Amino acid sequence: QILQSLGYGYLSSSRLTKALPALEEAIQTNPDKPDGYYLLAIGYEMQGRYREAVEQLEEVLSRRPDHLEATHRYGVNLYKRGAAEQAWEPFGRVLERTPNRVEALYYRSLILFQRSHYKGAESLLQKLLALDQRHVAAHFKLAQIYARTGEVEKAAAAKQRYQELRSEYSTHLRKVTFRIP
């Protein structure tokens, strides 16, 4: 428990070089507890090590199949490592339990887009935007869908909204960023 807490502390402060060894040791000490595997998976994901993150999330889900966050992260990491079709099912399980989970809706829309199921992807993105109108990437993906389906005016409007939000977001980041002398 102490090693896991230490690993979590390092992980939450993005000190991955210290977090990962502490979490690996915590897993060796308590191999039946899923939390250590979950935290290690998050660390791997933060490093872009999606294959290792998937392996750790599989360990979590073998111990706790109902672990909602692990199921969601499992889908995300499968998608990021190029296994979009495999990610479809975990996102479906997440949406069964939490139908308004914005990120799961977004990833499922990306999978439908890759399948060229533009109407299905559009439907999911519209649901997502009803929940979060400021989701920048959803507006961008809608613009792509409308461009591919020949809906030029809708594509232009979605692209404009994307650009507005992106600009607002960039301006906000510049305001909260400060320099240390």
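A short tour of the structure in this document, coming up. Numbering of residues starts from 1 in every chain and runs along the sequence as written. Given that this is a predicted model, residues contribute local features only at a pLDDT of at least 70 and side-chain atom pairs are listed and counted only at 80 or more, while totals for whole chains, interfaces and linings are drawn from all residues. To get the side-chain values, all heavy atoms of the structure are used, and hydrogens and water are removed first.

**Describing the packing of helix α4 (residues 50-63) against helix α5 (residues 68-80)**
Part 1: To get an axis, a line is fitted to the C-alpha atoms, and for a helix only the part in contact is used. The angle between two axes follows their N-to-C directions and goes from 0 to 180 degrees. Secondary structure elements follow DSSP: runs of H or I of four or more residues count as helices, runs of E of two or more count as strands, with numbering from the N terminus. As a packed pair, α4 and α5 sit with axes 9 Å apart at the nearest point and diverge in direction by 155°. Taken together, the axes of α4 and α5 are roughly antiparallel relative to one another. In the packing of α4 onto α5, the handedness of the crossing is left-handed. Side by side, α4 and α5 meet where Tyr50, Ala53, Val54, Leu57, Glu58, Val60 and Leu61 of the first sit next to Ala70, Thr71, Arg73, Tyr74, Asn77, Leu78 and Lys80 of the second. Should an angle fall under 35 degrees it is taken as roughly parallel, and over 145 as roughly antiparallel, whereas 65 to 115 is taken as roughly perpendicular and any remaining angle as oblique. What makes a crossing left-handed is the near helix being turned counterclockwise from the far one by less than a right angle; a clockwise turn instead makes it right-handed. Any two residues whose heavy atoms approach within 4.5 Å at even a single point are treated as in contact.

**A word on helix α9 (residues 136-148)**
Part 1: Over its 13 residues, α9 extends 19 Å from the first C-alpha to the last, a length consistent with the 18 Å expected when each residue adds 1.5 Å.
Part 2: Of the positions making up α9, those classed as buried are Ala138, His139, Lys141, Leu142, Ala143, Ile145 and Tyr146.
Part 3: Just past α9, the residue Gly150 takes up positive phi, approximately 80°. Helices are assigned an expected span. That span is 1.5 Å times one less than the residue count. Burial here depends on accessible area, computed with a 1.4 Å probe over protein chains only, as a share of the maximum for the residue type. Under 20% is buried, over 50% is exposed, and the range in between is partly exposed.

**Structural notes on helix α7 (residues 102-114)**
Part 1: In a regular helix each residue adds 1.5 Å, so 13 residues correspond to 18 Å; α7 covers 19 Å between its end C-alpha atoms and thus fits that length.
Part 2: With respect to burial, α7 is a largely interior element, 10 of its 13 residues being buried.
Part 3: Taken together, the buried positions of α7 are occupied by Ala104, Leu105, Tyr106, Tyr107, Arg108, Ser109, Leu110, Ile111, Leu112 and Phe113.
Part 4: Those residues of α7 that are buried lie in contact with α5, α6 (84-97), α8 (118-131) and α9.
Part 5: Trailing α7 by a residue or two, Ser116 shows a phi angle of about 65°, which is positive.

**Section: the side chain of Asn77**
Part 1: With respect to the secondary-structure elements, Asn77 resides in helix α5.
Part 2: Residues contacting Asn77, with those up to four places away along its chain left out, are Glu45, Tyr50, Ala53, Val54 and Leu57.

**What to know about the pattern of salt bridges**
Once the charged atoms of two side chains with opposite charge are near each other, the side chains can pair.
Part 1: The working definition used for a salt bridge is a side-chain nitrogen of Lys or Arg within 4 Å of a carboxyl oxygen of Asp or Glu. Tallying each qualifying case throughout the model produces 16 salt bridges.
Part 2: Close ionic contact of Asp66 with Arg64 constitutes a salt bridge, the shortest N to O distance being 3.6 Å.
Part 3: Classification of Arg64 by relative accessible area gives partly exposed; the value is 35%.
Part 4: For the salt bridge of Glu85 with Arg115, the shortest nitrogen-to-oxygen distance reads 2.7 Å. Note that Glu85 is positioned in helix α6 and Arg115 in the loop between α7 and α8, a separation of 30 residues in sequence.
Part 5: Arg115 gets classed as partly exposed once you look at its relative accessible area, which sits at 29%.
Part 6: A single salt-bridge network, built from bridges that share partners, covers Glu45, Arg73, Lys80 and Glu103.

**Brief notes about unusual backbone geometry**
A negative phi angle is the norm for most residues apart from glycine, just as the trans form is the norm for most peptide bonds.
Part 1: Its identity is not glycine, yet Ser116 carries a phi of approximately 65°, on the positive side.
Part 2: Here Ser116 is to be found in the loop between α7 and α8.

Any functional reading would require information that these geometric values do not contain.
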